[in-house]
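# Summary of structural features
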Amino acid sequence: RSGEMAKLTQLIDNEVFQAYATYATIVLLKMMLMSLITAYFRITRKAFANPEDTASFGKGESAKKYLRSDPDVERVRRGHLNDLENIIPFFGIGLLYALSGPELSTALLHFRIFAGARIIHTFAYLIPFPQPGRGLSWAIGYAVTISMAYKVLKT
Amino acid sequence: RSGEMAKLTQLIDNEVFQAYATYATIVLLKMMLMSLITAYFRITRKAFANPEDTASFGKGESAKKYLRSDPDVERVRRGHLNDLENIIPFFGIGLLYALSGPELSTALLHFRIFAGARIIHTFAYLIPFPQPGRGLSWAIGYAVTISMAYKVLKT
Amino acid sequence: RSGEMAKLTQLIDNEVFQAYATYATIVLLKMMLMSLITAYFRITRKAFANPEDTASFGKGESAKKYLRSDPDVERVRRGHLNDLENIIPFFGIGLLYALSGPELSTALLHFRIFAGARIIHTFAYLIPFPQPGRGLSWAIGYAVTISMAYKVLKT
């Protein structure tokens, strides 16, 4: 029975899980930051999606013209959606991967490359970098998640 | 070794985790409800996104006119996307927070304020409330998630 | 104390959790596949969202015409968003369900029906099947998730 316990101790209270918790939190916070950047561009570009958001600009036609889409706002929103599409699978598969008993060094490599790639992806999207900058940073994060999924399914 | 076990018992089989499971399920169900509300508005407003969804209205032009966007449908969809952007980080960061050993009373405070804020946010979006009603309810949920992330990273 | 340990062993290192890990990884990978299908249609239909993505087609007006939306691309994107709206609640509620101590046979039934329904949903969206094919496959996955949420809240 003490073998089972040791196993459980390995599973949760270990360095891999601590590392996972740190990097998962970092990339989720980075994803949440996109909301603030969207709000920043909506306010500075005066481009809103809801009539009630433009009420402070007056009534009728004068406010209605701020109900519009703006290229900068749409760019941040695309980046945010891309985060949802990529960071959430990392969170889910990464959790199962962290519980599957990988080597700490291998796990850290996966987590760090993913976090780095997604941070670069955000800069590549917002500045923007010429392609294939954004494409490559996306593909690296994608490949890391696939690699973790392979380990989970093998275990 | 019995210290480690006690720790593990604390981690999963404890009241904080039970509370997390309850509130996380509630907000995920609330998020799923948005799908039903979208379907309700698509059917009552006759506004669909896919040609095959309008086939029951007849063929050709008579059905084609229902392939359109509708302000009510788009409003629910924006609310749904906002849920994805905010409830998912709560789920992820909240899980790691629940495993980081917070006080039960502090944890309950976080979970309850978040769940309340997101339920108010949904009403604020759908009714809609005048601003800053929706903005405030969004910011409260956001701040709760940041507070949990801070605890995770400190641990 | 050995009772608590046995409980913990049940919670994580058991067959239900292994089954959850397998099926959750499968549906998350299926969701990630949508990114590749979107990229495939964007490239073959020459329909891009960002100016920097069209730079390889030349400068100015000749490249600008590829900044457009395409029905096939939009269809895959709707399927991807529907995955985010449904597979993520399955991942979250399913995790809590797997930790709530269900029977293995019941749990496997939930996981397998969900995974099957979402794979059928993807084919129904992309081919597309006439309705109610897509609607039914969506509803089955939705009902499975609700059933798991009921078990979590009851526990």
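So, a few notes on the structure that sits alongside this text. None of the values given here were measured: they were computed from a predicted structure.

## A closer look at the overall build of chain A
Looking only at helices and strands, chain A features six helices and zero strands. The N-to-C order of helical and strand elements in chain A reads α-α-α-α-α-α. Against the compact-globule benchmark of 15 Å for 155 residues, chain A has a radius of gyration of 20 Å, which places it well outside the compact range. Overall size of chain A, expressed as C-alpha extent along the three principal axes, is 75 × 35 × 20 Å. By the burial criterion, 52% of the 155 residues in chain A qualify as buried. Here the analysis covers contacts within chain A between residues at least 6 apart in sequence; of these, 71% occur between residues at least 24 apart.

## Looking at the packing of aromatic side chains
All told, the structure shown has 33 aromatic pairs over all chains when counted by the stated rule. When the ring of Tyr20 of chain C is compared with that of Phe91 of chain C, the centres are 5.8 Å apart and the planes differ by 45°; the resulting orientation is tilted. Within this pair, whereas Tyr20 of chain C is found in helix 2 (residues 15–44), its partner Phe91 of chain C is found in helix 4 (residues 71–98), the two being separated by 71 residues in sequence. Residue classification places Tyr20 of chain C among the buried positions, given a relative accessible area of 0%. With a relative accessible area of 7%, Phe91 of chain C lands in the buried category. Through a chain of ring-to-ring contacts, three or more aromatic side chains come together here, namely Phe17, Tyr20, Tyr23, Phe90, Phe91, Tyr97, Phe111 and Phe114 of chain A.

## Description of the environment of Phe48 of chain C
Here Phe48 of chain C lies in the loop between helix 2 and helix 3 (61–64). Separated by 56 residues in sequence, Phe48 of chain C and Leu104 of chain C place their C-alpha atoms 46 Å apart.

## As for the packing of helix 4 (residues 71–98) of chain B against helix 5 (residues 104–126) of chain B
Axes are the key here: two packed helices are described by the angle between their axes and the distance separating the axes. All names here are of chain B. The N-to-C vectors of helix 4 and helix 5 enclose an angle of 175°; their axes lie 10 Å apart at closest approach. When the axes of helix 4 and helix 5 are compared, the pair comes out roughly antiparallel. Across the interface between the two elements, Arg75, Val76, Arg78, Gly79, Asn82, Asp83, Asn86, Ile87, Phe90 and Tyr97 from helix 4 touch Thr106, Ala107, His110, Phe111, Phe114, Arg118, His121, Thr122, Tyr125 and Leu126 from helix 5. Partitioning the contact of helix 4 with helix 5 into residue classes produces nine nonpolar, seven polar and four charged.

## Quick word on the environment of Pro71 of chain A
Residue and element names in this part refer to chain A. Examined against the element boundaries, Pro71 turns out to sit in helix 4 (residues 71–98). With a relative accessible area of 62%, Pro71 lands in the exposed category. Separated by 48 residues in sequence, Pro71 and Tyr23 have C-alpha atoms that sit 31 Å apart.

## Topic: the pattern of salt bridges
Applying the stated rule across the entire model yields 21 salt bridges over all chains. We note a salt bridge from Glu74 of chain A to Arg77 of chain A, for which the minimum N-O separation is 3.3 Å. With Glu74 of chain A and Arg77 of chain A both in helix 4 and three residues apart, this pair spans about one turn of that helix. The partly exposed category is assigned to Glu74 of chain A, whose relative accessible area is 23%. Salt-bridge contacts for Glu52 of chain B lead to Arg75 of chain C; the nearest nitrogen and oxygen are separated by 2.9 Å. Placement of Glu52 of chain B in the loop between helix 2 (15–44) and helix 3 (61–64) and of Arg75 of chain C in helix 4 is noted, with the two residues assigned to different chains. For Glu52 of chain B, a relative accessible area of 11% gives the class buried.

Conventions used here
- Residues numbered from 1 in each chain as written.
- Chains lettered and ligands numbered in written order.
- Predicted model: local features only at pLDDT ≥ 70, side-chain atom pairs only at ≥ 80, totals over all residues.
- Heavy atoms only, no water.
- Helix = DSSP H or I, 4+ residues; strand = E, 2+ residues; numbered from the N terminus.
- Rg over C-alpha atoms; globule rule 2.2 N^0.38 Å.
- Buried < 20%, exposed > 50% of the residue type's maximum accessible area, 1.4 Å probe, protein only.
- Contact = heavy atoms within 4.5 Å.
- Phe/Tyr/Trp six-rings, centres within 6.5 Å; stacked < 30°, edge-to-face > 60°.
- Axes fitted to C-alpha atoms, helices over the stretch in contact; angles between N-to-C directions.
- Parallel < 35°, antiparallel > 145°, perpendicular 65-115°, else oblique.
- Nonpolar A, V, L, I, M, F, W, Y, C, P; charged D, E, K, R; others polar.
- Salt bridge = Lys/Arg side-chain N within 4 Å of Asp/Glu carboxyl O.

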